[in-house]
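Descriptive analysis of the structure
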Amino acid sequence: MKSDITCCDELWELEPPTTNSPSRLFHLEPIGIGTFYVESLTSYVARLAEAHSVPPGTLLAIEVKPMVRHGNAHRPQVDSIVALYAQESVKALNGTQAGAKQLVKALEALTKRNDLKFLTMLPWAEVFPVLGLLKHFHTWCPYCYQEWLNNKQVIYSPLLWALKPVNICPIHHQLLESKCPHCDQQFLHLWRNSRPGFCLKCGGWLGINSSISKQHECLSQEITDLQFEIWKVQTLGELINFAPTFSSPPSRDVIKTMLKTYVNQYTEGNVSSFGRWLGLSRHSILHWYSGVTIPNLDKLLNICYILETTLVNFLQLKLVPISSNKLASFYAKDEKVLKPVVATSKKSLERDTIREAMQLALLEEPPPSLTQLASRLGLKSYSSLTACSKSLSATLTDRYTEYKQQLKHEQIQDILYRALDSNEYPPLSLKKIALLNGIGLATFYHYNPTLCHAISLRYKDYRKFNRKKLIEQGCREVKQLAPVLHAKGITPTAKNLRKFMQNPSSLWHSEVLEALKQVRSKLEQ
C-alpha cells in the first residue's frame, strides 16, 4: 500500500490555531441598523441584560461601571440606572452627550461590536444642540408593540420614539403614548428593571386594548397639522436610516454654509429678507447665518419643511430647488426688500422715498455703505442722504463700519488659523506673516491677540530648538577641529576655528566658547 507523504495530518501541525478572543458580553445584534426604525441604545441595554438574565441596573453596575468615569463612580453598590448615571443623564443616553459616548464605548468593548453609536444621535453631535433633542420620558406606539407581539417579533424601542419633535408613529400615523394605560404614570427610557413593551412602574403591557384604540381614534382627529407631523417623522427616519452610510459626521459649519447658499440663491444676499421668509426673528437668523449659534432640531426641521427639502439633503449640502408656487408666495410676502428703489436723478426722488430706502437698508445683510446706497438710488453723493436724515445716516454708517470690522476680524482670523495649521518649516514669524499679507502687526494683535500669542510662542519654540541645535553642532565641531589644528601647530582660537567650521556663527554662543576653552585646556596639559 502506497502512502501519500505530501499529505499532512492536522494533528501534526505544531502551531496552535488562531482564534479570536471571545467578547465579555453576548455579541447581540442591534435591531434595524440601516433602517428608519433602528433600536435605541437604552432599548439595546435592556435586551442585552435580558439575554444575560439580569436586570439592566445590575448589568451596568457590574460590567459598565468599571469602564465609565463619572461623578457617581465612587458609590460602592449601585444596582439601578439612576444611581449609576443620575436621572438627568439617563434621559440623555440616546443623545450626543458624554454619557452616551461613554456607554457606547464601554458596550462596544464588552460586546466587540462597532456599530452601537448608530443607536444614538452621536453621529449628529455637531449639528444638533442638546436642548430640544430628546424627550424627558419614554414614549411608544401601542400598535407597534401589539403587532410585534402578535407576530412573535422582538419587542424593542426605536430611537425615533425618543426624539422630541416626533409625536406620531411613522407606520400607523397615531399619536405616541407617554403615560401607562394602567397606572397613568410616565417613566424614563431605562430603569433597573426595564423590559421593552412593559411599564417600568407597574409592569403592565403597553400594547393596544379597546380603551386605547378608541382614545387614539379621537386623538388622531385632533392633530392640527398631520401632514407636517408625518413629514417630520419621515425626514428624521430618513436621517437615522442614512447614518451608517455617511462618510464622515457633518460639521457645525454645514448649517451656516447651507443658509448662506439659500440666501445668495433666493434673496440676493439679503439675510433679513430670508429670515422673514422663514418666519424667524432677525436676531435668530443672523446668529445662525454667521455661525455664532445653531438652531435646535425642531427649528431646523421647520426650516427644511418651508424650504421643501429634507434633513439629509440639507446636511449633505444639496440645494433642492424650491417650487415656483412656494417662491411666488415668498416674493409676494417680501417684495419691498427684494426690489430696491431705483431712480435716475435726485429730482425724481422725493424726501419720503429716500427716507424709506434708508430704513429698508437698515434691514439688509450685509449692510450697504452710504456711498453704495446713494449710487443705487442714482444720487451723486451720500450728502443727500445725510441731508435727508442725519440719524439714519449715522446708524447706517455705524452698521457698515461694524460689518467691515467683522470682515476684517474674520480675514485676520482666517490668516492666523491657516498659519497655525500650516506644516511649513521653519514656521513663519508673526512679523513675516503680517508683512506677507500687508497688514500691520498691531492690527493682528488688536483683532486676535490669542492666536497671535500662539504663533509667536510657536516661533519662539522653533528658535529655542534651532539655537540648541546650533550650539550642539558648534560644540561637536570645536571638539573635532581643535585637536587637528593643535597637531598642525596652529593655535585653536575662535578666529582660527571659524575658517574651518560649517557654522562659524555658533562661536558667538557662550556654551561653544566654554567647550573650546575646555578642549584647549586639555591640549595644553
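Residues numbered from 1 in each chain as written. Predicted model: local features only at pLDDT ≥ 70, side-chain atom pairs only at ≥ 80, totals over all residues. Heavy atoms only, no water.

1. Digging into the confidence of the model for the protein
This prediction gives the protein a mean pLDDT of 82; 86% of its residues lie at or above 70. Scored below 50 in pLDDT, residues 70-83 makes 33 contacts in the model with residues more than four places away or belonging to other chains. When the criterion is pLDDT under 50, residues 336-349 qualifies, and its contacts beyond four places in sequence or with other chains add up to 29 contacts. (pLDDT = per-residue confidence, 0-100. Contact = heavy atoms within 4.5 Å.)

2. Some remarks on unusual backbone geometry
Residues other than glycine predominantly adopt negative phi, and peptide bonds predominantly adopt the trans conformation. With phi around 60°, Asp 184 is a residue other than glycine that occupies positive phi space. Within the secondary structure layout, Asp 184 lies in the loop between helix 6 (142-150) and helix 7 (210-222). The backbone phi angle of Glu 308 is positive, close to 60°, even though this residue is not glycine. With respect to the element layout, Glu 308 can be found in the loop between helix 12 (297-306) and helix 13 (311-315). (Helix = DSSP H or I, 4+ residues; strand = E, 2+ residues; numbered from the N terminus.)

3. Focus: the nonpolar core
Judged by nonpolar contacts, the single largest core of 96 residues is most densely connected at Trp 124, Phe 128, Trp 161, Phe 274, Leu 311 and Phe 314. In this structure, Phe 128 is in contact with Thr 96, Met 121, Leu 133, Leu 239, Ile 294, Leu 297, Leu 300, Leu 311 and Leu 315, ignoring residues within four places of it in sequence. If you look at the next biggest cluster of nonpolar residues, it comprises 14 residues, including Met 358, Leu 370, Cys 388 and Leu 396. (Core = buried A, V, L, I, M, F, W, Y, C linked by side-chain atoms within 4.5 Å. Buried < 20%, exposed > 50% of the residue type's maximum accessible area, 1.4 Å probe, protein only.)

4. A look at the packing of helix 8 (residues 226-242) against helix 12
Their axes nearest at 11 Å, the elements helix 8 and helix 12 cross at an angle of 110°. Between helix 8 and helix 12, the angle falls in the class roughly perpendicular. Contacts between helix 8 and helix 12 involve Gln 227, Phe 228, Trp 231, Lys 232, Thr 235 and Leu 236 on the former and, on the latter, Leu 297, Asp 298, Leu 301, Asn 302, Cys 304 and Tyr 305. Here the residues of the contact of helix 8 with helix 12 sort into seven nonpolar, three polar and two charged. (Axes fitted to C-alpha atoms, helices over the stretch in contact; angles between N-to-C directions. Parallel < 35°, antiparallel > 145°, perpendicular 65-115°, else oblique. Nonpolar A, V, L, I, M, F, W, Y, C, P; charged D, E, K, R; others polar.)

5. Digging into the packing of helix 1 (residues 41-51) against helix 2 (residues 56-64)
Orientation of helix 1 relative to helix 2, taken along the N-to-C sense of each, is 90°, at an axis distance of 8 Å. For the element pair helix 1 / helix 2, the angle class is roughly perpendicular. Only Pro 56, Leu 59 and Leu 60 of helix 2 make contact with helix 1, whose side of the interface consists of Val 45, Ala 46, Leu 48 and Ala 49. A class-by-class count of the residues in the contact of helix 1 with helix 2 yields seven nonpolar, no polar and no charged.

6. Some points on the pattern of salt bridges
Under the criterion given, the structure shown has seven salt bridges. Between Arg 47 and Glu 39 there is a salt bridge; the shortest N-O distance is 2.6 Å. No difference in accessibility class separates Arg 47 from Glu 39, as the two residues are buried. Here Glu 524 ties to Arg 520 by a salt bridge, and the two come within 3.9 Å at their closest N and O atoms. Using a relative accessible area of 25% as the deciding quantity, one classes Arg 520 as partly exposed. (Salt bridge = Lys/Arg side-chain N within 4 Å of Asp/Glu carboxyl O.)

7. A closer look at helix 11 (residues 282-290)
For helix 11, the full list of buried residues reads Ile 285, Leu 286, Trp 288 and Tyr 289. Along the axis of helix 11, the buried residues cluster in a sector spanning 165°; they form a single face. Residues of helix 11 that are buried sit in contact with helix 9 (253-266), helix 10 (271-278) and helix 12. (Arc of directions from axis to C-beta.)

8. As for the state of the cysteines
Within the structure shown, the criterion is met by zero disulfides. Lacking any disulfide linkage, Cys 183 is separated from the closest cysteine sulfur, that of Cys 180, by 3.7 Å. On the basis of relative accessibility, which here comes to 24%, the residue Cys 183 falls in the partly exposed class. Unpaired in this structure, Cys 202 has its nearest cysteine sulfur neighbour in Cys 180, at a distance of 3.6 Å. Note on Cys 202: relative accessible area 42%, which makes it partly exposed. (Disulfide = S-S within 2.5 Å.)

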